[in-house]
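# Working through the structure, step by step
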Amino acid sequence: MSEFHTLAWKNTPANLRLPEPVLVGGSKLDWHAPAITVFEDFSSNPPLVLKGSLRLPEVEAAFEGSSDRYACVLDNDAAVAGVLMARELHSRYSGSLCSLLQLPWSQIEARFLMQPLHRMPMLSLAQIQHARIGDIAATMQAASRDFVMVVSEGRIIGWIAALKIIEQTGESVRLYPRATTFAEVFSALKHPEITDS
């Protein structure tokens, strides 16, 4: 330590504040802004697509190889079966699923952690074009879903994600949990309040 020198320092006062946040790219949107501003169009921004049969280490590698935070999960017929969020890979639900199935994490398939498509609200592009961000947030809350799927002519053309709303507005969509994924259902069924009765 002889080559280093102590710097002149002072005791930190108790009334220090953090600096004001710097808004990059302008101000945040509010919930009255058009919903189309948070719509992620698959024609200009294709989603990450994963097979439902992929095991979680392969899914994790796919997420790490992209900048996406969520992906479409396909069934055996190459139809969209659901959406998987990257944060679910190491969540309490994935841990519950491993425990209940008595399988290591590396053996769990993506389809067991995805949010099923049939439980998500679907809106038309016309609805999105006339809605506000707050309308989408209210729809997500009513359905207790992180995504609103946008369809046109029988095809999914994009989605609006709760994470995108947070990113653009700085406000969180408050969702109330429901057991929907395979792991959540098992976790609810194994809950002591249910099994002890």
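Anyway, here's the lowdown on the structure attached to this text. Nothing here was measured: the structure is a model prediction, and the numbers come from that model.

## Let's talk about the packing of helix α4 (residues 133-143) against helix α5 (residues 162-169)
Here α4 crosses α5 at 145°, and the two axes come no closer than 11 Å. The element α4 and its partner α5 pack so that their crossing is left-handed. Each of Ile133, Ile136 and Met140 in α4 lies in contact with α5, whose residues at this interface are Ala162, Ile165 and Thr169. Each residue belonging to the contact of α4 with α5 can be placed in one class, and the counts come to 5 nonpolar, 1 polar and no charged.

## Comments concerning the pattern of salt bridges
Throughout the structure, instances matching the rule amount to 5 salt bridges. Of the charged contacts in the structure, one is a salt bridge between Arg87 and Asp146, with a shortest N-O distance of 3.6 Å. Placement of Arg87 in the loop between β4 (80-85) and α2 (92-101) and of Asp146 in the loop between α4 and β7 (147-152) is noted, with a sequence separation of 59 residues between them. For Arg87, a relative accessible area of 48% corresponds to the partly exposed category. Members of the salt-bridge network, linked through shared partners, are Arg69, Lys164 and Glu167.

## Regarding the environment of Arg111
Structurally, the position occupied by Arg111 is in the loop between α2 and β5 (115-116). For the pair Arg111 and Val73, spaced 38 residues apart in sequence, the C-alpha to C-alpha distance is 7.0 Å.

## A closer look at α5
Of all the positions in α5, only Ala162, Lys164, Ile165 and Thr169 are classed as buried. Across the axial projection of α5, the buried residues extend over an arc of 155°, all falling on one side. Looking at the buried residues of α5, the elements they touch are β1 (40-41), β3 (70-74), α4 and β8 (155-161). Note on α5: the residue one or two positions beyond its end, Gly170, has a positive phi of about 80°.

## Re the environment of Ser124
Checked against the element boundaries, Ser124 lands in strand β6 (residues 122-124). Residue class for Ser124 comes out partly exposed when judged on its relative accessible area of 27%. Separated by 33 residues in sequence, Ser124 and Ile157 have C-alpha atoms that sit 9.4 Å apart.

## Comments concerning the pairing of β8
As paired elements, β1 and β8 share 2 bridges and run antiparallel to each other. Within β8, the position partnered with Glu40 by the bridge is Trp159. In this structure, β7 lies alongside β8, joined through 6 bridges in antiparallel fashion. Pairing of Val150 across the sheet is with Gly158, part of β8. In this antiparallel pair of consecutive strands, β7 and β8, the connection spans 2 residues, and Glu153 shows a positive phi of 50°.

## Considerations on the sheet that holds β4
Strand order in the open sheet formed by 4 strands is β2-β3-β4-β5, and the pairing between neighbours is mixed. Looking along the sheet, the strands with just one partner apiece sit at the ends: β2 (48-51) and β5. Where β2 and β3 come together, 4 bridges link them in parallel fashion. Residue pairing for β3: Leu50 is matched across the bridge by Val73.

## As for the side chain of Glu109
Summarising the element assignment, Glu109 is placed in the loop between α2 and β5. Within the local environment of Glu109, its side chain forms a polar contact with the side chain of Arg111, the two groups lying 2.5 Å apart. Among residues more than four places away in sequence, those in contact with Glu109 are Gly52, Ser53, Leu54, Arg55 and Leu56.

## Looking at the packing of aromatic side chains
Considering all chains together, one arrives at 4 aromatic pairs under this definition. Between Phe42 and Trp159 the ring centres are 4.9 Å apart and the planes differ by 85°, which places this aromatic pair in the edge-to-face class. Here Trp159 lies in strand β8 and Phe42 lies in the loop between β1 and β2, a separation of 117 residues in the sequence. For Trp159, a relative accessible area of 2% gives the class buried. Ring plane angle 50° and centroid distance 5.4 Å describe the contact between Phe147 and Trp159, whose orientation is recorded as tilted. Separated by 12 residues along the polypeptide, Phe147 in strand β7 and Trp159 in strand β8 bring together distant segments of the chain. Among the aromatic residues, those joined into a ring-pair cluster are Phe42, Tyr70, Phe147 and Trp159.

Rules used throughout
- Residues numbered from 1 in each chain as written.
- Predicted model: local features only at pLDDT ≥ 70, side-chain atom pairs only at ≥ 80, totals over all residues.
- Heavy atoms only, no water.
- Axes fitted to C-alpha atoms, helices over the stretch in contact; angles between N-to-C directions.
- Helix = DSSP H or I, 4+ residues; strand = E, 2+ residues; numbered from the N terminus.
- Left-handed = near helix turned anticlockwise from the far one by under 90°.
- Contact = heavy atoms within 4.5 Å.
- Nonpolar A, V, L, I, M, F, W, Y, C, P; charged D, E, K, R; others polar.
- Salt bridge = Lys/Arg side-chain N within 4 Å of Asp/Glu carboxyl O.
- Buried < 20%, exposed > 50% of the residue type's maximum accessible area, 1.4 Å probe, protein only.
- Arc of directions from axis to C-beta.
- Pairing = 2+ DSSP bridges.
- Polar contact = N/O pair within 3.5 Å; in protein donor to acceptor, adjacent residues only side chain to side chain.
- Phe/Tyr/Trp six-rings, centres within 6.5 Å; stacked < 30°, edge-to-face > 60°.

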